[in-house]
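# Residue-level structure breakdown
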Amino acid sequence: MMFILGLFMASFLNVVAERTVRCEKWFCGRSYCPSCKHTLAWYDLIPVLSYLLLGGKCRYCKERIPIRYPLSEIVLGIAFYMASRYTHGVYTAFVLFGISVAYISALTDIYDGTIYDAFTLPFAFLFIALRAFFSVTFLFDGLFGMMAGFLVPYVIVRATKMAGEGDITFLTFLGAFLGLNRLIIAVPLSFVIAGIVVTVLLVMGKANMKSHVPLVPFLFAGTVWSFYL
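Numbering of residues starts from 1 in every chain and runs along the sequence as written. Totals for whole chains, interfaces and linings use every residue, but because this is a predicted model, local features are given only for residues with pLDDT of at least 70 and side-chain atom pairs only at 80 or more, for both listing and counting. Hydrogens are left out, water is left out, and the side-chain values use all remaining heavy atoms of the structure.

Let us now look at the pattern of salt bridges. For this document, the term salt bridge refers to a Lys or Arg side-chain nitrogen within 4 Å of an Asp or Glu carboxyl oxygen. Counted by the stated rule, this structure contains four salt bridges. With a closest N to O distance of 3.4 Å, Glu18 and Arg22 form a salt bridge. Residue Arg22 is classed as partly exposed on the basis of its relative accessible area, which comes to 35%. Across the pair Arg131 and Asp141 runs a salt bridge whose closest N-O atoms are separated by 3.9 Å. Here Asp141 lies in helix α6 (residues 136-160) and Arg131 lies in helix α5 (residues 121-131), a separation of ten residues in the sequence. Partly exposed describes any residue whose relative accessible area lies between the buried limit of under 20% and the exposed limit of over 50%, with all areas from a 1.4 Å probe on protein chains only and scaled to the type maximum. Numbering goes from the N terminus for both helices and strands, where a helix is a DSSP run of H or I of at least four residues and a strand is a run of E of at least two.

Put into structure tokens, the structure is as follows:
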């Protein structure tokens, strides 16, 4: 059930991410084919299934649908399933909400290399407020996580220029969502995953030492895996 929920949430969040990078209003207007601009029917928008039934092509103009759509839907479906296996009750809703917010920034980082403050800073403070409803300990874990998520990458960015300011705001949000205890698990895990993926890309000749590799998708992966540890 959680896997299916993740598929549909991913389908919606893909619309939010793509319309954001195109500077369109994501909260109004029906979905359309980016090639022929034809409005899509509801049966064209069933996650993964519609892609398979259409043979990966638009029903109207026959332009190929990017494989990233069904793949990204499956990714969030798996993320929802994994997170729900190791959380319970209201905390599960808290975690799934946080994963969904992180997922939007992962998408925009992939699509145009931008992390939008609208999907990070406001949600950082929102998650701190939500933590207050659980316990004082949970609240302070989030506050310390938020401070660490801001200060550590801020110092690194200022000293090395190896990351962007969007990474700072995303890690600020991530610290508020995960809390300090889980943040110090998720971030190193993210770099391990990134190291493995980048090594594979280098070996395959798909990247070189000067290639730009978005960081947030790996932070998202580390976040999800951290709930297994």
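More follows now that the structure is in view.
Running from amino to carboxyl end, helix α1 (residues 2-21) crosses helix α3 (residues 68-85) at an angle of 130°, the nearest separation of the two axes being 7 Å. With respect to α3, the axis of α1 lies oblique. Here the hand of the crossing between α1 and α3 comes out right-handed. Listed contacts from α3 to Met2, Phe3, Leu5, Gly6, Leu7, Met9, Ala10, Ser11, Leu13, Asn14 and Glu18 of α1 are Arg68, Tyr69, Ser72, Glu73, Ile74, Leu76, Gly77, Ile78, Phe80, Tyr81 and Ser84. Within the contact of α1 with α3, the residues separate by chemical class into 13 nonpolar, six polar and three charged. To get an axis, fit a line to the C-alpha atoms, keeping to the stretch in contact for a helix; angles then go from 0 to 180 degrees between the N-to-C directions. Here the word oblique covers every angle except those under 35 degrees (roughly parallel), over 145 (roughly antiparallel) and from 65 to 115 (roughly perpendicular). The sense of a crossing depends on the near helix, which, turned anticlockwise from the far helix by less than a right angle, makes the crossing left-handed and, turned clockwise, makes it right-handed. In what follows, a contact means two residues having at least one pair of non-hydrogen atoms within 4.5 Å. Each residue is assigned to one of three groups, with Ala, Val, Leu, Ile, Met, Phe, Trp, Tyr, Cys and Pro labelled nonpolar, Asp, Glu, Lys and Arg labelled charged, and all others, Gly among them, labelled polar.

Further remarks concern helix α8 (residues 216-226). For α8, a buried count of ten out of eleven residues is recorded, marking the element as mostly surrounded by other parts of the structure. Check the buried side of α8 and you find it contacts α3, α4 (89-112) and α7 (165-204).

To continue, consider unusual backbone geometry. Phi angles above zero are rare outside glycine, and Val48 is one such case at about 65°. Tracing the backbone through its elements, the reader meets Val48 in the loop between α1 and α2 (49-53). By relative accessible area, Val48 is classed as buried at 18%.

The next thing to look at is the nonpolar core. We define the nonpolar core as a collection of buried residues of types Ala, Val, Leu, Ile, Met, Phe, Trp, Tyr and Cys that are connected through side-chain atoms lying within 4.5 Å of one another. By size, the foremost hydrophobic cluster in this structure holds 41 residues, and its most contacted members are Leu76, Ile99, Phe170, Phe173, Leu174, Phe177 and Phe220. Of all the elements in the fold, those that place two or more residues in this core are α1, α3, α4, α5, α6, α7 and α8. The biggest single contributor to this core is α4, with ten residues. Apart from the residues lying within four places of it in its own chain, the contact partners of Leu174 are Gly179, Leu183, Leu219 and Thr223.

This part is about the packing of α3 against α4. Here α3 crosses α4 at 155°, and the two axes come no closer than 10 Å. Of the possible angle classes, the one that applies to α3 and α4 is roughly antiparallel. You can see that α3 and α4 cross each other, and the crossing is right-handed. Packed against α3, whose contacting residues are Arg68, Tyr69, Ser72, Glu73, Leu76, Ala79, Phe80, Ala83 and Ser84, the element α4 presents Thr92, Val95, Leu96, Ile99, Ser100, Tyr103, Leu107 and Tyr111 at the interface.

Values of pLDDT, ranging from 0 to 100, describe the predictor's confidence in every residue of the model. Per-residue pLDDT for the protein has a mean of 87; in total, 92% of the residues score no lower than 70. Within the protein, the element-level pLDDT minimum falls on α6, averaging 85, and the maximum on α5, averaging 96.

So, about the side chain of Ser84. Relative to the helices and strands, Ser84 is located in helix α3. Residue class for Ser84 comes out buried when judged on its relative accessible area of 19%. Side-chain polar atoms of Ser84 contact the backbone oxygen of Phe80, separated by 3.0 Å. Those residues in contact with Ser84 that sit more than four places away from it in its chain are Met2 and Thr92. Under the rule applied, a polar contact is a pair of N or O atoms within 3.5 Å (in protein, one hydrogen donor and one hydrogen acceptor; residues adjacent in sequence only if both atoms are side-chain atoms).

With that settled, consider the packing of aromatic side chains. Here the aromatic set is Phe, Tyr and Trp, taking the six-membered ring for Trp, and pairing holds for ring centres within 6.5 Å; pairs whose planes are under 30 degrees apart are stacked, those over 60 apart are edge-to-face, and all others are tilted. The full count for this structure, using the stated rule, is 17 aromatic pairs. On the numbers, 6.3 Å between centres and 40° between planes, the contact of Phe140 with Phe144 is tilted. Linking Phe140 with Phe144, this pair stays in helix α6, spanning four residues, or about one helical turn. Looking at Phe140, the relative accessible area reads 41%, which means it is partly exposed. Under the relative-accessibility criterion, Phe144 is labelled partly exposed at 44%. Between Phe170 and Phe173, the aromatic rings sit 5.9 Å apart at their centres with planes inclined by 55°, giving tilted as the arrangement. With Phe170 and Phe173 both in helix α7 and three residues apart, this pair spans about one turn of that helix. For the pair Phe170 and Phe173, one class covers both residues: buried. One aromatic cluster in this structure is built from Tyr91, Phe94, Phe97, Phe123, Phe127, Phe134, Phe138, Phe170, Phe173, Phe177 and Phe227.

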